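Below are the chains, spelled out letter by letter.
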Amino acid sequence: ADAAAVAGASALDEAAYRSSGAVRLVPADAQRRAQASLEEQLDRRSLRDARVVATEGEVSVTVGGEVDFSLLQIVAPGDEFAITVRATARPQASP
């Protein structure tokens with residue numbers, strides 16, 4: 001979720017920045033970049049659902065999935081638990 005949010009937050013509105021110095025996102029581009037990042041992640045087999053919400057000010061990514069108990073596989077083989085991860089990223093101008 002973190003990498004996807006950061007990828008989305010790179011979709012800056014270049015025209016707005018060049019004309020006025022405003023640092024904001026192009027929401028549709030931000031959403032596409034975040035979704036593409038999720039699709040490229042190696043652990044996507046564990047993903048059950050993902051939601052990306054992008055505005056001019058931020059990108060939020062919520063991911064849900066199932067994870068194996070890694071160490072507890074010895075005593076509880078096959079058991080999984082559900083997790084939800086959320087990440088938000090905002091564009092920032094460089095100093």
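Please refer to the structure higher up on the page.
In this report, the structure presented in the accompanying data block is examined. Nothing here was measured: the structure is a model prediction, and the numbers come from that model.

Let's talk about the sheet that holds strand β2 (residues 59–68)
Then comes step 1: Pairing in this open sheet of 3 strands is antiparallel, and the strands run β1-β2-β3 from one edge to the other. In this open sheet, the two strands that pair with only one neighbour each are β1 (47–54) and β3 (80–89). With direction set aside, neighbouring strand axes in the sheet form an average angle of 15 degrees.
Then comes step 2: Both β1 and β2 contribute to a ladder of 7 bridges, which runs antiparallel. Pairing of D49 across the sheet is with G64, part of β2.
Then comes step 3: Along the sheet, helix α3 (residues 27–40) makes contact with β1 and β2, crossing β1 at roughly 160 degrees.

Re the layout of surface pockets
Then comes step 1: Roughly 210 Å³ of internal volume is contained in the largest pocket.
Then comes step 2: The wall of the largest pocket is formed by 14 residues, among which D43, S46, L47, V63 and I83 lie closest to the centre.
Then comes step 3: Partitioning the lining of the largest pocket into residue classes produces 7 nonpolar, 4 polar and 3 charged.

Quick word on the pattern of salt bridges
Then comes step 1: What the rule picks out here adds up to 4 salt bridges.
Then comes step 2: R18 is the salt-bridge partner of E14, the closest N and O atoms lying 3.3 Å from each other. Within this pair, E14 and its partner R18 are both found in helix α2 (residues 14–20), separated by 4 residues, close to a single helical turn.
Then comes step 3: Classification of R18 as exposed rests on a relative accessible area of 67%.
Then comes step 4: Taking the shortest distance from any N to any O, the salt bridge between R32 and D29 comes out at 2.3 Å. Taken together, the residues R32 and D29, both in helix α3 and 3 residues apart, mark about one turn of the helix.

Details of α3
Then comes step 1: A rise of 1.5 Å per residue sets the reference length of α3, with its 14 residues, at 20 Å; its end C-alpha atoms lie 20 Å apart and thus fit the reference within 8%.
Then comes step 2: Inspection of α3 places A30, A34, S37 and L38 among the buried residues, and these make up the whole buried set. Projected onto a plane normal to the axis of α3, the buried residues spread over an arc of 100 degrees and lie on a single side. Exposed residues pointing more than 90 degrees away from the buried face of α3 are listed as R32 and E40.
Then comes step 3: Close packing links the buried residues of α3 with α1 (2–8), β1 and β2.

Criteria and thresholds
- Residues numbered from 1 in each chain as written.
- Predicted model: local features only at pLDDT ≥ 70, side-chain atom pairs only at ≥ 80, totals over all residues.
- Heavy atoms only, no water.
- Pairing = 2+ DSSP bridges.
- Helix = DSSP H or I, 4+ residues; strand = E, 2+ residues; numbered from the N terminus.
- Axes fitted to C-alpha atoms, helices over the stretch in contact; angles between N-to-C directions.
- Contact = heavy atoms within 4.5 Å.
- 1 Å grid on protein atoms, 1.4 Å probe; cavity = no way out; pocket = protein on both sides within 12 Å on 5 of 7 lines; lining within 4 Å.
- Points joined across faces, edges and corners; volume = space filled by probe spheres on them.
- Nonpolar A, V, L, I, M, F, W, Y, C, P; charged D, E, K, R; others polar.
- Salt bridge = Lys/Arg side-chain N within 4 Å of Asp/Glu carboxyl O.
- Buried < 20%, exposed > 50% of the residue type's maximum accessible area, 1.4 Å probe, protein only.
- Expected span 1.5 Å × (residues − 1).
- Arc of directions from axis to C-beta.

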